[in-house]
Every structure is written in C-alpha cells, then in structure tokens.
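# Summary of the model geometry
Chain by chain, the residues:
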Amino acid sequence: MAPIHVLRCCQRFLAWIPVIFIALVVCWSYYAYVVELCIFTIPSIGEKIVYLIFFHLSFVMFVWSYWKTIFTKPANPSKEFCLPKAEKERYEKEERPESQQEILWRVATSLPLYTRTGAGAIRYCDRCQVIKPDRCHHCSACDMCVLKMDHHCPWVNNCVGFSNYKFFILFLAYSLVYCLFIAATVLQYFIKFWTNELPDTHAKFHVLFLFFVAAMFCISILSLFSYHLWLVGKNRSTIEAFRAPVFRTGSDKNGFSLGFRKNIAQVFGDQKKYWLLPIFTSQGDGLTFPTRLVNADVEQATVTLEPEPNKSVTDVPVSPLSESQNRLLSNDQHANSIGDHLANNTLESADSETITISMESKS
C-alpha cells in the first residue's frame with residue numbers, strides 16, 4: 001500500500017509543475033516590468049504612472065481569472081443520476097449488456113436525458129456508477145464525471161467544465177491582454193537596447209527577454225482563445241467539436257446550438273455587466289441543457305388528429321423538420337423523450353379554430 005500512496009503523491013506533485021512554471025513566469029514578468037523597465041529604464045514619470053496603472057489592471061484580472069480556473073472544483077452529477085440501491089445490485093449481478101440496458105432505461109425514464117451513446121444506449125459510467133447527464137463525460141485525470149466537460153487542462157491542473165468554463169475563457173482573454181500590453185509597451189525599449197541607444201545595464205537582459213516571452217505567449221494564446229470563442233458561439237465543447245453528440249435522431253453537431261446570442265448567454269449569463277468579471281454567471285445547472293431538433297425524429301412515424309364531432313380520424317405522415325421549424329426543447333421535454341410517451345400539443349389555426357394533435361413515439 002505504501003508504494004501506491006507514494007506514487008499517487010508523486011503524480012499529484014508532477015501535475016502542479018505546469019502551474020508552478022506559469023506562476024514563476026508571471027512573478028518574473030511582474031518584477032521585470034515594474035522594477036527593471038518602469039523604475040530603472042523609463043525616464044518619464046508620467047509614462048511610468050500610465051504604464052503601471054494599466055499594467056496592474058490587466059495583471060489583477062489575469063491572476064483573478066487564473067486563480068478561479070484552477071481552484072473551482074469541477075461540477076459532478078447529482079445523486080438523482082445514481083442508480084437506486086436495488087437497481088444497482090441488480091445491474092451488477094447482470095452479465096448480459098441487454099439486461100443491464102433494460103435496468104438503465106427504467107431508471108432513466110425519470111431523468112432529463114436526451115443524448116445517447118453511439119449505439120443508442122443510455123450513457124452510464126461504470127467507474128463513477130452514475131448515469132451520465134447530457135454533455136457529461138468522465139475525466140481520467142480527475143477520476144470523476146464532470147458536467148459539460150470541455151477538456152482537462154494541465155496548465156491549470158484542473159478539468160474545464162460547466163463550473164469554470166467562463167473563468168477559463170476569461171483567463172485566456174486577460175492573459176492575452178496582459179501579454180499584448182507588455183509586448184506593445186516594451187517594444188520601443190527593446191529596439192533601443194537592441195540598437196545600443198541605451199547603455200548596457202542589468203535591465204537590458206530583462207527587457208529583451210520580456211519582449212520575447214510576451215510575444216511568444218501572445219501567439220500561442222491567441223490561437224487557443226480564438227478557437228474557444230468559436231466554440232462558445234456554436235455552443236459546443238471541445239469534446240463535442242471532435243465527436244458530435246448523439247441524439248435519438250442520430251449524431252448532430254448543432255444539437256445544442258440556440259443561436260449566437262443565446263449561445264453566448266449560456267456561458268456568460270444574461271447580465272452583460274458581469275461578463276468581464278470572473279464570477280459565476282453561466283445559465284442552468286449543468287445537468288440539463290436546452291436543445292433544438294435539427295433532423296426529423298424517425299421514431300415518430302405518424303401524427304394522429306383527434307376527430308371533431310362528425311369527422312373521421314386522419315393519419316398524416318410526418319415531414320422532416322426544416323430549419324425554420326427548429327424549436328427549443330425544455331427540460332420537461334427532455335425527460336419525456338425517454339421511454340414510451342404520449343404528448344398532446346394544441347395548435348391554433350389562423351381562424352382561431354383549435355386542433356389537438358397526439359404524437360406517439362416508441363423507444
């Protein structure tokens with residue numbers, strides 16, 4: 001047992017090395033910019049004050065968002081997604097996958113689920129022993145199921161998901177601003193040192209190296225930040241970008257897309273005044289997500305019109321849903337999408353007549 005315990009301690013320590021590296025680079029950049037550049041190199045007092053004010057603003061926002069990304073615990077599925085004790089014992093005793101799936105389907109009928117495995121089965125984590133909510137995945141590094149998991153980031157030693165995805169986006173944004181500001185303000189002194197317009201002092205190395213490091217991080221962060229902005233606009237996670245989520249109608253990469261504005265609000269919230277602050281404002285609870293139907297549900301074969309007095313019943317085949325017919329599904333509709341159900345919808349015609357439609361589906 002002792003070697004295993006020591007190994008786990010070593011793994012935990014090694015996992016913090018990237019974070020420690022970033023922290024050391026940030027501490028050095030603070031010293032190089034404030035002391036070596038602003039105090040010892042820049043001659044103008046007014047220029048020093050302006051640079052120091054904007055530098056500390058970007059520095060505080062960068063450190064704040066980075067701290068929140070690192071130390072915000074990933075959100076996990078709630079207890080309602082765990083199998084009841086009796087069903088869990090029955091599931092563990094069953095050896096046939098078909099019988100296990102029957103148990104999962106019975107439990108899942110009361111849960112707000114809409115996504116499936118590639119084979120159309122209920123998504124279940126044997127490691128955590130929970131039915132996976134929509135957009136939830138198991139992180140092998142954290143050894144837990146994470147709600148709306150995006151990826152595991154070694155630079156923050158944490159899993160980026162529902163609870164800290166906004167913080168991660170802001171961390172990328174403010175780190176980019178931090179590096180751009182340093183590179184832009186250091187450039188003129190970098191040129192002066194490089195062309196020997198300024199005397200060789202101990203500040204020369206710091207100023208030259210500071211520009212190279214800031215420029216290098218700018219390039220790498222810009223590409224990553226642009227990619228995640230694109231993901232936010234499409235309402236996709238990194239996992240969903242590589243492997244589209246599977247619904248009852250099949251895989252659909254745009255299944256969770258609600259339109260650009262609503263996609264942004266899913267991550268940053270409704271109140272724009274909080275968007276730039278690393279405080280949690282994301283919509284929802286991480287367990288259920290609004291979605292839209294892009295493809296026709298092949299399991300809903302017919303629409304039966306209830307007869308009015310003196311009128312016969314008519315079976316009308318369902319036509320595929322067009323893009324203009326896409327509609328949001330509420331959480332209640334998610335729950336009713338599993339198992340046999342009978343949904344009654346009332347449509348009001350232009351002349352104020354009401355027609356009741358009964359839609360039957362089979363799972």
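The written sequence of each chain sets the order in which its residues are numbered from 1. Side-chain atom pairs in this predicted model are given and counted only at pLDDT of 80 or more, local residue features only at pLDDT of at least 70, and totals for whole chains, interfaces and linings cover all residues. Here the side-chain values reflect all heavy atoms present in the structure, with hydrogen atoms and water set aside.

For the record, the criterion: UniProt positions are given in the numbering used here, feature names are shortened, and annotations may be inferred rather than shown by experiment.
Within an unreviewed UniProt entry, the label attached to the chain reads Palmitoyltransferase, and the organism entered is Larimichthys crocea. You can read under Subcellular location (unreviewed entry) in the UniProt record for the chain the words "Membrane".

## Examining the environment of Cys136
Stated precisely, the cut-off is as follows: By the criteria applied, helices consist of DSSP H or I runs no shorter than four residues and strands consist of E runs no shorter than two, each listed in order from the N terminus. We call a residue buried when its accessible area falls under 20% of the maximum for its residue type, exposed when it is over 50%, and partly exposed in between, using a 1.4 Å probe and counting protein chains only. The contact criterion used throughout is that any non-hydrogen atoms of two residues lie within 4.5 Å.
In this fold, Cys136 is placed in the loop between strand E2 (130-131) and strand E3 (137-139). Exposure remark for Cys136: the relative accessible area of 0% places this residue in the buried category. Each C-alpha atom of the pair Cys136 and Gly286 lies 8.5 Å from the other, and the pair is 150 residues apart in sequence. Setting aside its immediate chain neighbours within four residues, Cys136 contacts Pro77, Arg123, Cys145, Val146, Leu147 and Lys148.

## Looking at the packing of aromatic side chains
In plain terms, the rule: Any pair of Phe, Tyr and Trp rings, taking the six-membered ring for Trp, is counted once the centres come within 6.5 Å. Such a pair is stacked with planes under 30 degrees apart, edge-to-face with planes over 60 apart, and tilted for the rest. Definition used: whenever NZ (Lys) or CZ (Arg) falls within 6 Å of the ring centre and also within 35 degrees of the ring normal, the charge is taken to sit over that ring.
Scanning the model with the defined rule gives 30 aromatic pairs in all. Summarising the aromatic geometry, the rings of Tyr30 and Phe55 are spaced 5.7 Å apart at their centres and angled 45° between planes, so their arrangement reads as tilted. Remark: Phe55 occurs in helix H3 (residues 45-71) and Tyr30 occurs in helix H2 (residues 17-39); sequence separation between them is 25 residues. Residues Phe190 and Phe211 carry aromatic rings whose centres are separated by 4.6 Å and whose planes lie at 25° to one another, so their mutual orientation is stacked. Of this pair, Phe190 sits in helix H6 (residues 165-194) while Phe211 sits in helix H7 (residues 202-234), and the two are 21 residues apart along the sequence. Residue classification places Phe190 among the buried residues on the basis of a relative accessible area of 10%. Taken together, the aromatic side chains of Tyr30, Tyr33, Tyr51, Phe55, Phe59, Phe62, Tyr66, Phe168, Phe171, Tyr178 and Phe181 make up a single cluster linked through ring pairs. Looking at Arg135, its charged tip hangs above the ring of Phe289, at a distance of 5.0 Å from the centre.

## Points about the packing of H3 against H6
For any two helices packed against each other, one specifies the inter-axial angle together with the distance between the axes. Our working rule: Note on geometry: axes are lines fitted to C-alpha atoms, helical ones only across the stretch in contact, with angles between N-to-C directions running from 0 to 180 degrees. When an angle is under 35 degrees it counts as roughly parallel; over 145 it counts as roughly antiparallel; between 65 and 115 it counts as roughly perpendicular; any other value is oblique. By the definition used in this description, the sense in which the near helix is turned from the far one sets the handedness, with an anticlockwise turn below a right angle giving left-handed and a clockwise turn giving right-handed.
Running from N to C, H3 and H6 point in directions that differ by 155°, and their axes come no closer than 8 Å. Considering the angle they form, H3 stands roughly antiparallel to H6. Helix-helix and strand crossings are classified by hand; for H3 and H6 the assignment is left-handed.

## Some thoughts on the UniProt feature "transmembrane region" (unreviewed entry) in the chain
Here, UniProt's "transmembrane region" (unreviewed entry) annotation points to residues 12-33, 49-67, 167-191 and 203-227. With 100% helix and 0% strand, residues 167-191 has its two end C-alpha atoms placed 36 Å apart.

## Considerations on the nonpolar core
The line we're drawing: The criterion is simple. A nonpolar core is a set of buried Ala, Val, Leu, Ile, Met, Phe, Trp, Tyr and Cys residues joined through side-chain atoms within 4.5 Å.
Membership of the largest hydrophobic core comes to 50 residues, with the highest contact counts inside it found for Tyr33, Phe55, Tyr165, Ile182 and Val186. Elements with a contribution of two residues or more to this core: H2, H3, H6, H7 and helix H9 (260-268). Broken down by element, this core gets its largest block of residues, 18 residues, from H6. Once you skip the residues sitting within four places of it in the chain, Val186 turns out to touch Tyr33, Leu37, Val207, Leu210 and Phe211. The next biggest cluster of nonpolar side chains, apart from the first, holds 24 residues, and it includes Tyr91, Leu104, Cys125 and Leu147.

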